[in-house]
Amino acid sequence: MTESDTKSLLGVTLPQLTLRATSGEMMNVSALPGITVIYAYPRTSPPDEGPIEGWDLIPGARGCTPQSCAFRDHFNELKDVGAQAVFGLSTQSTAFQREAAERLHLPFALLSDEDLALTKAMELPTFEAGGMVLLKRLTMILKDGVVEHIMYPVSDPAKNAEDVIAYLKQAQ
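Quick look at the structure, then. (Residues numbered from 1 in each chain as written. Predicted model: local features only at pLDDT ≥ 70, side-chain atom pairs only at ≥ 80, totals over all residues. Heavy atoms only, no water.)

Description of the packing of helix 2 (residues 64-73) against helix 6 (residues 160-171)
The N-to-C vectors of helix 2 and helix 6 enclose an angle of 45°; their axes lie 7 Å apart at closest approach. Between helix 2 and helix 6, the angle is such that the two are oblique. In contact with Gln67, Ala70 and Phe71 of helix 2, helix 6 contributes Asn160, Ala161 and Val164. Looking at side-chain class alone, the contact of helix 2 with helix 6 contains 4 nonpolar, 2 polar and no charged residues. (Axes fitted to C-alpha atoms, helices over the stretch in contact; angles between N-to-C directions. Helix = DSSP H or I, 4+ residues; strand = E, 2+ residues; numbered from the N terminus. Parallel < 35°, antiparallel > 145°, perpendicular 65-115°, else oblique. Contact = heavy atoms within 4.5 Å. Nonpolar A, V, L, I, M, F, W, Y, C, P; charged D, E, K, R; others polar.)

Describing the environment of alanine 101
Here alanine 101 lies in helix 4 (residues 94-103). In this structure, the C-alpha to C-alpha distance between alanine 101 and serine 68, residues 33 residues apart in sequence, is 8.8 Å. Those residues within four positions of alanine 101 in sequence are excluded, and the remaining contacts are Thr22, Leu106 and Leu110.

Quick word on the nonpolar core
Phe71, Val86 and Leu168 are the most contacted members of the largest nonpolar core, which totals 27 residues. Where this core is concerned, the elements lending two or more residues are strand 3 (35-40), helix 2, helix 3 (75-80), strand 4 (83-90), helix 4 and helix 6. The leading source of residues in this core is helix 6, at 5 residues. In this structure phenylalanine 71 touches Val37, Tyr39, Leu78, Val86, Phe108, Asn160, Ala161 and Val164, once residues within four positions along its chain are discounted. Within the second largest apolar cluster, 25 residues are counted, among which are Met27, Phe87, Leu89 and Leu118. (Core = buried A, V, L, I, M, F, W, Y, C linked by side-chain atoms within 4.5 Å. Buried < 20%, exposed > 50% of the residue type's maximum accessible area, 1.4 Å probe, protein only.)

Observations concerning the pattern of salt bridges
Evaluated as defined, the whole model comprises 4 salt bridges. We note a salt bridge from aspartate 73 to arginine 72, for which the minimum N-O separation is 2.8 Å. A residue is classified by how much of its surface remains accessible, and aspartate 73, at 53% relative accessible area, is exposed. The partner of arginine 103 in a salt bridge is glutamate 99, with the nearest N and O atoms 2.6 Å apart. (Salt bridge = Lys/Arg side-chain N within 4 Å of Asp/Glu carboxyl O.)

Some details on unusual backbone geometry
Cis geometry is found at the peptide bond from tyrosine 152 to proline 153, where omega equals -5°. Positive phi, close to 55°, is recorded for histidine 105, a residue that is not glycine. Here leucine 116, not a glycine, exhibits a phi torsion of approximately 65°, which is positive.

Description of the environment of valine 86
On the secondary structure map, valine 86 appears in strand 4. Along the primary structure valine 86 and proline 107 are separated by 21 residues, whereas in three dimensions their C-alpha atoms are 9.0 Å apart. Setting aside chain neighbours within four positions, we find valine 86 in contact with Val37, Tyr39, Phe71, Phe75, Leu78, Phe108 and Ala109.

Here we look at the sheet that holds strand 3
Ordered in space as 2-1-5-4-3-8-9, the 7 strands form an open sheet in which the pairing is mixed. Strands with a single pairing partner mark the edges of an open sheet, and in this sheet they are strand 2 (26-27) and strand 9 (146-151). Pairing geometry for strand 3 and strand 8 (residues 138-143), over 6 bridges, is antiparallel. Across the sheet, isoleucine 35 pairs through a bridge with lysine 143, a residue of strand 8. Across the face of the sheet, helix 2 comes into contact with strand 3, strand 4 and strand 8 while running at roughly 160° to strand 3. Strand contacts of helix 4: strand 1 (19-21), strand 4 and strand 5 (110-112), with the helix running at about 165° to strand 5, the strand carrying the most contacts. (Pairing = 2+ DSSP bridges.)

Spelled out as structure tokens, the structure:
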């Protein structure tokens, strides 16, 4: 998927489906009121495991932990500029994500699209590595379940939260 292809997502209402969250809830993100930020990332590696073989050679694969930590560190500022909810999204299982959410002390839930329901319905960009289908890094800003803005590609994961804040400030 190219940057221009993701523009086709603008104005699209997220499908009525639920995703398991690390909070234990089943979330229907299309039903959330107000501004919701969903940043998609390929995967996190547990601290006791190395990355997938060849991971460093995949453009844009590195940076999942810095991206999540940036959203954590800027969480209150995101709320201050209008985000009612923030979520991370990957195709990893909730159990796998829960370890990362706890280790990184995230004040928001990570959502699992392990069965690729949202990924397929929205035709989100993916790649394969280590026998897994993983999301390419992108960020969707929703208003009442409709894609209002999309950031793709996300070239600097550690700066993504700041870019979202800048967008929300100018959109006010």
